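# Residue-level structure breakdown
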Amino acid sequence: MGVFTSFNGLLLLGIAVTTAMFVYKYQEISSSAPIPDLKHDQYWGPGKAAEYKENAAIKKFDISAKPELIEALKKKLSEPLVLPEPLEGVGFQYGFNSKYLSEVIKYWRDSYLPKWNERETFLKQFPHYETQIQGLRIHYIHVKPKATEGKKVVPLLLIHGWPGSVREFYRIIPLLTNPNPKSDYVFEVIAPSLPGYGWSQAASKVNFGPAQMSIVLRNLMLRVGHEKFLIQGGDWGSILGSSISALTPQNVLGYHSNLCNTNHVVALVLKFARSWFPSFFITEENRAFFKTMGKDLLFIMEESGYMHIQATKPDTIGTALQQNPVGLAAYILEKFSTWTNVEYRQLADGGLTKRFTMDELLDNIMIYYTTNSITTSQRLYSEGFNKAQLSLKMDYVHVKPPTGCARFYHDLLHATDTELGTRFKNIIHSTYHSNGGHFAAMELPQILYDDFIQFVDKVFAKSATHNT
Amino acid sequence: MKGVIIIGLMAISSIWLYQRVNDLIKPLPKPELDTNTYWGPGNPTDYEAPKDVVPFKIAYDQTIIDDLRTQLNRTWRYAPPLEGIKFEYGFNSDALRHIVDYWRDYYLLKWRAHEEFLNSLPHYKTEIQGLNIHFIHAKPKPEAYKEKKVVPLLLLHGWPGSVREFYEFINLLVEVSDINDYVFEVIAPSLVGYGFSDAAAKPGFDVAQMAIVMRNLMLRLGYEKFLIQGGDWGSIIGSAISTLFPENVIGYHSNMCLLYTPLSMIKSYIASFMPERFLPQRFFAEHHFPLKDKFKLLLVESGYFHLQATKPDTIGIALQASPIALAAYILEKFQQTTGPGLNQEFNAMDKVYKLDALLDNIMIYYLTNSATSAGRFYAENMSRKFLGLQLDRVQTPVSMGCARFKFDLPPALDWALRDKFPNLIHSTYYNQAGHFAALEVPVMLYINFQEFAKKAIQIEEAKV
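Residues numbered from 1 in each chain as written. Chains lettered and ligands numbered in written order. Predicted model: local features only at pLDDT ≥ 70, side-chain atom pairs only at ≥ 80, totals over all residues. Heavy atoms only, no water.

The name that an unreviewed UniProt entry assigns to chain B is Epoxide hydrolase, with the source organism given as Ceratitis capitata. The heading Function (unreviewed entry) in the UniProt record of chain B holds the text "Catalyzes juvenile hormone hydrolysis." (UniProt positions renumbered as here; feature names shortened; annotations may be inferred.)

In the nomenclature of an unreviewed UniProt entry, chain A corresponds to Epoxide hydrolase from the organism Ceratitis capitata. In its Function (unreviewed entry) section, UniProt records this for chain A: "Catalyzes juvenile hormone hydrolysis."

Written out as structure tokens, the structure is:
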């Protein structure tokens, strides 16, 4: 233990010096970086940009999987499983427990796949469309509210992340698109599959990072006919939402995230400071949300192996998972366990069915499997953390549209309003929920919906006062 | 008065600072560890390992090979590489397809020949601490014992390698030569959790535990004193054996001389400003510096390390469920280590290592289903218990030799190595080759090892 206390001492010294340097450069750091000049018509499809003629039609899209694919999957899942024996006494501490995985595979093969037609019908309950944006076929769900008596209809761009899909939103979409006495607003929901995920085409060219992807998503909203819209998202959806809000604020009525975060350097300094003096920075009731910096770093190290390999070798890990429904299931479901509640690592079954049904978890896996999109989904990480993307300094481009942050206790990380304020200049709504984890829309749709409509009320109250 | 107080405060804080820094950099005492822990399944009372050493032949049923060919013959599911991209984003899926075709339609059709090649060295198994340990035991011809001094050598592989890395190297080591007076009896085990050896059934099997098992293996075979050679984990385990059991080690030779202690990192940082002062020749600087580039290289190449060190069972499941997954994941490392000039080319691995040798290696992982247990070793070595041992800070008097190949992971300076190995008797730099030196440049490694062995053995003989 002697190492760690002395190391902490050196760390403290180092951070103190660094802090001093930053305070000195504060003025330079605190003003907004310029909005990067990104082309709104950059071509990301295969072949030469000069030969591309965009087809602006919007067509219905059939998400049906080829029957041969399902048959091949059944066959593959019927093969004898080659699984390692878990170490004695271990749950999910070393990753997905193989004993439990064989139960999952059994259910997938014997219970889920026999009713695949039912599941597909379920997935088709919302209207699916496709349109071509910047060379990429973009798939999206588009639900217009049917009953709007006395409510104002507001367009809402709903953005998923990794390893999720539009399937995460199936319980919240009916809440958003049906009138509710708690709100004057009802929403027209556009929920795309991110390019490279699900039924949306992947970019063929390098450097299609989150900033570039957010332009495609914003262009999608314009294509559908909405110049001004709300955004909601978690995971990459949160990052993409903040990018759209930073790059094209004129289109964004309000941005709501369930994973608000910033990597602004001043925020990091503040993070360190509140790690040492929590009472100064965080109210008592919310203190449980914030770990010490040491615990935070340890948690990040323990849980970011996937991010490290996806940010550096997506083609390796992606190819490894593509022929491999068993591997794909383990890799993705591990996240639905740990990111819902880190304590689930102690459990032999990872607590997967405590908050989710196996059917909805497998629906999501089937989307990755039938569209063969795991590799292209993982490339977002390498494009997102490379030099080209980081040089855009998106973390330093201020976000001015009204912003709402909903924090769910078991999610991966939390930031205080002060830390977020280094980038998000218009936080009008900030909440702490003592329950729930990373996949809030899927786990606690009612709570997320209630939080969202509170935010929306504030958005329009604010603009109402601005107009008078 | 004010002056006295200020001087007093400065003296106190200097002493405090000195003590804190000293805590971080001073050498630590050797830990005493239980050398008889049981690692097999369950908790048998009165466990006693059977002491017999049983010959072992690698022999797999044709049905297994046929099934593998079927698995490799499925409709290919992959994402095309981004335009203009080769291996910059990981293993290129087009290249992988060619390799899978070759594997299925050429390599596996002559599997029996490969199996025969693997059996060309004698294999054995023996049970140590509840684990069946596989090893190659290669001896020189009987005549050699009259001509030269025969010295036992423990040869340790790493990840994602296996005993297959050593076939050419072993054949050199057991051959009488004119270079010097020594020839070697080589004991090359599969590490616990790798290849044909059992895996530990309980958590906690880290480098120190592996060192104990390997040393017990040598004692089982009747060797109280032996040399050690290794790279990758083999190097780290060899260092641990030299640290925990110096009385058994004649000399320890490594082709991946890493040392990560606070002191070695401080020294590395200092030396980065004037490398010529700390290196025997100034053109060895590229092995160590610039630090920023080396750090970046480690960051870009260590995703697998991070994943296996935290979620070995997840990635293990994926690798064991698909031979293609296994191939992509392992071959990425062989592709990368072909060197900066070649590592974006599709035929680089065949040029540098020969594709058949690499497929032999992958077959070992595939046939023994050891991908998960192999990856778990990373997680066990990141445990608080193991990191708390801080073995890199424990000095050992064992004679040490270091061969640094240009494109391997950045090695430690002699200036740093001597803090742990005061008897660093052999230190060399090569302007070529990389991580898998035994496979890539076996003759070069052999000559280097012989030079080291001679010095180490002579020192040992002088002690008597």
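## As for the overall build of chain A
Counting secondary structure elements, chain A contains 21 helices and nine strands. Since a compact globule built from 468 residues should have a radius of gyration of about 23 Å, the 22 Å found for chain A is in line with a globular shape. Summarising its shape, the C-alpha atoms of chain A cover approximately 65 × 60 × 50 Å along the three principal directions. Counting across all 468 residues of chain A, residues that qualify as buried make up 59%. For chain A, long-range pairs separated by at least 24 residues make up 81% of all intrachain contacts whose partners lie at least 6 apart in sequence. Total accessible area on chain A is roughly 18,900 Å²; 58% of this is exposed by carbon and sulfur atoms. (Helix = DSSP H or I, 4+ residues; strand = E, 2+ residues; numbered from the N terminus. Rg over C-alpha atoms; globule rule 2.2 N^0.38 Å. Buried < 20%, exposed > 50% of the residue type's maximum accessible area, 1.4 Å probe, protein only. Contact = heavy atoms within 4.5 Å. Areas by Shrake-Rupley, 256 points an atom, 1.4 Å probe, with all protein chains shown as cover.)

## Quick word on the overall build of chain B
Broken down by element type, chain B carries 22 helices and nine strands. Radius of gyration (C-alpha) of chain B: 23 Å, near the 23 Å computed for a compact globule of 464 residues. Sorting the 464 residues of chain B into buried and exposed places 59% on the buried side. Contacts spanning at least 24 positions in sequence make up 79% of the contacts within chain B whose residues lie at least 6 apart. Summed over its atoms, the accessible surface of chain B is roughly 19,300 Å², and 58% of this surface lies on carbon and sulfur atoms.

## Let's talk about the packing of aromatic side chains
Any aromatic ring pair is given by two values, namely how distant the centres are and how the planes are angled relative to each other. All names here are of chain A. Inspection of the entire model under this criterion finds 58 aromatic pairs over all chains. Arranged with centres 5.3 Å apart and planes meeting at 5 degrees, the rings of Trp162 and Tyr306 form a pair that is stacked. Taken as a pair, Trp162 in the loop between β4 (152-159) and α6 (172-177) and Tyr306 in helix α12 (residues 305-312) lie far apart in primary sequence, 144 residues in all. Note on accessibility: Trp162 and Tyr306 belong to one class, buried. Among the aromatic residues, ring-to-ring pairing joins Trp162, Trp236, Tyr306, Tyr331, Phe336, Trp339, Phe356, Tyr381, Phe385 and Phe439 into one connected group. Over the aromatic face of Tyr432 sits the side chain of Arg407, whose NZ or CZ is 4.3 Å from the ring centroid. (Phe/Tyr/Trp six-rings, centres within 6.5 Å; stacked < 30°, edge-to-face > 60°. Lys NZ or Arg CZ within 6 Å of the ring centre and 35° of its normal.)

## A short note on the UniProt feature "active site" (unreviewed entry) in chain B
Residue and element names in this part refer to chain B. Mapped onto the present numbering, the UniProt feature "active site" (unreviewed entry) falls at Asp232, Tyr378 and His435. Tracing the chain through its elements places Tyr378 in helix α18 (residues 371-380). Not counting the four nearest positions on each side in its chain, Tyr378 is found in contact with Trp159, Tyr194, Trp233, Tyr304, Phe305, Gln308 and Ala309. Here His435 lies in the loop between β9 (424-429) and α21 (437-440). Beyond its immediate sequence surroundings of up to four residues, His435 is in contact with Asp232, Asn255, Met256, Thr337 and Asp408. A polar contact of 2.7 Å, which involves the side chain of His435, links it to the side chain of Asp408. (Polar contact = N/O pair within 3.5 Å; in protein donor to acceptor, adjacent residues only side chain to side chain.)

## A look at the state of the cysteines
What makes a disulfide is a covalent bond joining the sulfur atoms belonging to two cysteines. In total, this model carries two disulfides over all chains according to the counting rule given. Each disulfide pairs two cysteine sulfurs, and for Cys260(A) the partner residue is Cys405(A), the sulfurs being separated by 2.0 Å. Between Cys260(A) and Cys405(A), the S-S torsion sits near -90 degrees, and that sign places the bridge as left-handed. Highlighted residues: Cys260(A) in the loop between β7 (252-257) and α9 (265-276) and Cys405(A) in strand β8 (residues 403-408), separated in sequence by 145 residues. With respect to class, Cys260(A) is no different from Cys405(A); both count as buried. Cys257(B) shares a disulfide with Cys402(B); S-S distance 1.9 Å. Note on the Cys257(B) and Cys402(B) pair: the S-S dihedral is about 120 degrees, so by sign convention the disulfide is right-handed. Remark: Cys402(B) occurs in strand β8 (residues 399-404) and Cys257(B) occurs in the loop between β7 (249-254) and α9 (262-271); sequence separation between them is 145 residues. One exposure class covers both Cys257(B) and Cys402(B), and it is buried. (Disulfide = S-S within 2.5 Å.)

## Describing the interface of chain A and chain B
Of the residues lining the interface, 63 residues belong to chain A; the matching set on chain B comes to 60 residues. The contact between chain A and chain B buries some 5,100 Å² in all, and 57% of this surface belongs to carbon and sulfur atoms. Considering only the surface of chain A that becomes buried against chain B, Glu88(A), Tyr94(A) and Lys313(A) emerge as the three largest contributors, covering 14% of it. Run the count over chain A and chain B and you get five salt bridges. (Buried area = accessible area lost by both parts, 1.4 Å probe. Salt bridge = Lys/Arg side-chain N within 4 Å of Asp/Glu carboxyl O.)

## Describing the sheet that holds strand β5 (residues 182-189) of chain B
Residue and element names in this part refer to chain B. The nine strands are arranged β1-β2-β3-β5-β4-β6-β7-β8-β9 in an open sheet whose pairing can be described as mixed. Edge positions in the sheet fall to β1 (53-56) and β9, since each of these pairs with one other strand and no more. In this sheet, adjacent strand axes meet at a mean angle of 25 degrees when their direction is disregarded. Pairing analysis gives four bridges linking strand β4 (residues 149-156) to strand β6 (residues 226-230), with the strands arranged parallel. In the strand pairing of β6, Leu156 is matched with Gly230. Sheet strands in contact with helix α8 (residues 233-244) are β4, β6 and β7, and its direction is about 155 degrees off that of β7. (Pairing = 2+ DSSP bridges. Axes fitted to C-alpha atoms, helices over the stretch in contact; angles between N-to-C directions.)

## Description of a nonpolar patch on the surface
Residue and element names in this part refer to chain B. A surface patch of nonpolar side chains, about 480 Å² in accessible area, is lined by Ile266, Tyr269, Ile270, Phe273 and Met274. Note on placement: Ile270 falls in helix α9. Of the residues examined, Ile270 reaches a relative accessible area of 33% and is grouped as partly exposed. (Patch = residues over 30% accessible without salt bridge, like charges linked within 9 Å, V, L, I, M, F, W, Y side chains within 5 Å.)

## What about the UniProt feature "domain: Epoxide hydrolase N-terminal" (unreviewed entry) in chain B?
The sites that UniProt annotates as "domain: Epoxide hydrolase N-terminal" (unreviewed entry) are residues 54-166 of chain B. In residues 54-166 of chain B, helix accounts for 33% and strand for 22%; the two terminal C-alpha atoms are 21 Å from one another.

## What about unusual backbone geometry?
Omega for the bond connecting Trp162(A) with Pro163(A) falls within 30 degrees of zero, at -5 degrees, which places this linkage in the cis form. Checked against the element boundaries, Pro163(A) lands in the loop between β4 and α6. With omega at -5 degrees, the peptide bond leading from Trp159(B) into Pro160(B) counts as cis. Looking at the element boundaries, Pro160(B) is found in the loop between β4 and α6 (167-173).

## Some details on the UniProt feature "domain: Epoxide hydrolase N-terminal" (unreviewed entry) in chain A
Here the UniProt feature "domain: Epoxide hydrolase N-terminal" (unreviewed entry) sits at residues 58-169 of chain A. Helix makes up 31% of residues 58-169 of chain A and strand makes up 22%, while its end C-alpha atoms are separated by 22 Å.

## Side note on the nonpolar core
Ranked by internal contacts, the top residues of the largest apolar core, which has 256 residues, are Trp108(A), Phe187(A), Leu227(B) and Ile241(B). With near-sequence residues (within four places) excluded, Phe187(A) lies in contact with Val143(A), Pro145(A), Val154(A), Leu156(A), Leu176(A), Thr177(A), Leu230(A), Phe452(A), Ile453(A) and Val456(A). Core analysis: the next-biggest nonpolar cluster, separate from the first, contains eight residues, Phe278(B), Ala285(B), Leu413(B) and Tyr429(B) among them. (Core = buried A, V, L, I, M, F, W, Y, C linked by side-chain atoms within 4.5 Å.)

## Structural notes on the environment of Val300(B)
Relative to the elements of secondary structure, Val300(B) occurs in helix α12 (residues 291-301). What Val300(B) contacts, discounting residues up to four positions off in sequence, is Thr312(A) and Lys313(A).

## Here's the deal with the pattern of salt bridges
What the rule picks out here adds up to 47 salt bridges over all chains. Arg104(B) is paired through a salt bridge with Asp101(B); the nearest N and O atoms lie 3.1 Å apart. Residue Arg104(B) and its partner Asp101(B) are located together in helix α3 (residues 93-107), separated by three residues, close to a single helical turn. The buried category is assigned to Arg104(B), whose relative accessible area is 11%. Within the structure, one salt-bridge network assembled from shared partners comprises Glu302(A), Glu303(A), Arg345(A) and Lys311(B).

## Side note on the packing of α3(B) against helix α17 (residues 355-368) of chain B
When two helices pack together, their arrangement is given by the angle between their axes and by how far apart the axes lie. Residues and elements named next belong to chain B. Orientation of α3 relative to α17, taken along the N-to-C sense of each, is 85 degrees, at an axis distance of 12 Å. What the angle tells us is that α3 and α17 run roughly perpendicular. Taking contact as the criterion, the partners of Ile99, Tyr102, Trp103 and Tyr107 in α3 are, on α17, Leu355, Asp356, Leu359, Asp360, Ile362 and Met363. Taken together, the residues of the contact of α3 with α17 sort by class into eight nonpolar, no polar and two charged. (Parallel < 35°, antiparallel > 145°, perpendicular 65-115°, else oblique. Nonpolar A, V, L, I, M, F, W, Y, C, P; charged D, E, K, R; others polar.)

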